[in-house]
Amino acid sequence: KHACIFFTLCYNGLTNSYGGATMAYKITSACVSCGACADACPAGAISQGDDQYVIDAAACLDCGACCDTCPTGAITPED
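As a starting point, this report considers the structure included with it. The model shown is predicted, which means the values in this text are computed figures rather than measured ones.

Procedures and definitions
Residues numbered from 1 in each chain as written. Predicted model: local features only at pLDDT ≥ 70, side-chain atom pairs only at ≥ 80, totals over all residues. Heavy atoms only, no water. Helix = DSSP H or I, 4+ residues; strand = E, 2+ residues; numbered from the N terminus. Polar contact = N/O pair within 3.5 Å; in protein donor to acceptor, adjacent residues only side chain to side chain. Contact = heavy atoms within 4.5 Å. Buried < 20%, exposed > 50% of the residue type's maximum accessible area, 1.4 Å probe, protein only.

A closer look at the side chain of Gln52
Step number 1: The topology assignment puts Gln52 in the loop between strand E2 (46-48) and strand E3 (53-55).
Step number 2: Of note is the side chain of Gln52, whose polar atom sits 3.0 Å from the backbone oxygen of Ile27.
Step number 3: Once you skip the residues sitting within four places of it in the chain, Gln52 turns out to touch Ile27, Thr28, Ser29, Cys31, Ser33 and Ser47.

Encoded structure:
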C-alpha cells in the first residue's frame, strides 16, 4: 500500500538492484534527530529510526523540503 493517491508521485521512479524503490535523498550521520525534516515532509515519508531519522523511499515525493529544513545539512541528494 502506498502513502499517496498516485503512486507515480510517491517515489522517483528508480529501482535498486532488488527491484525496490530508491529515494532521491539520504539522511547522513550528521543527523541530530531534531525532527525538523519529519515536520517539513508533506508526504510523511520521514520517521525516527533506531539511531537517526530515516526516509521511506516508497513515500518520498522527491520535493526537497527536508533538505531545505535540516539545520545540520544532514540530508543530501542521493548519488
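Right, picking up where we left off after that structure.
Here's the deal with the environment of Gly35
Step number 1: Within the secondary structure layout, Gly35 lies in the loop between strand E1 (25-27) and helix H1 (36-40).
Step number 2: With a relative accessible area of 7%, Gly35 lands in the buried category.
Step number 3: For the pair Gly35 and Ser47, spaced 12 residues apart in sequence, the C-alpha to C-alpha distance is 8.2 Å.

Let's talk about the environment of Cys41
Step number 1: Within the element layout of this structure, Cys41 appears in the loop between H1 and E2.
Step number 2: Accessibility expressed as a relative area gives 17% for Cys41, which makes it buried.
Step number 3: With 21 residues separating them along the chain, Cys41 and Asp62 place their C-alpha atoms 10.0 Å apart.

From the geometry alone we can't say anything about function, so treat these as descriptive.
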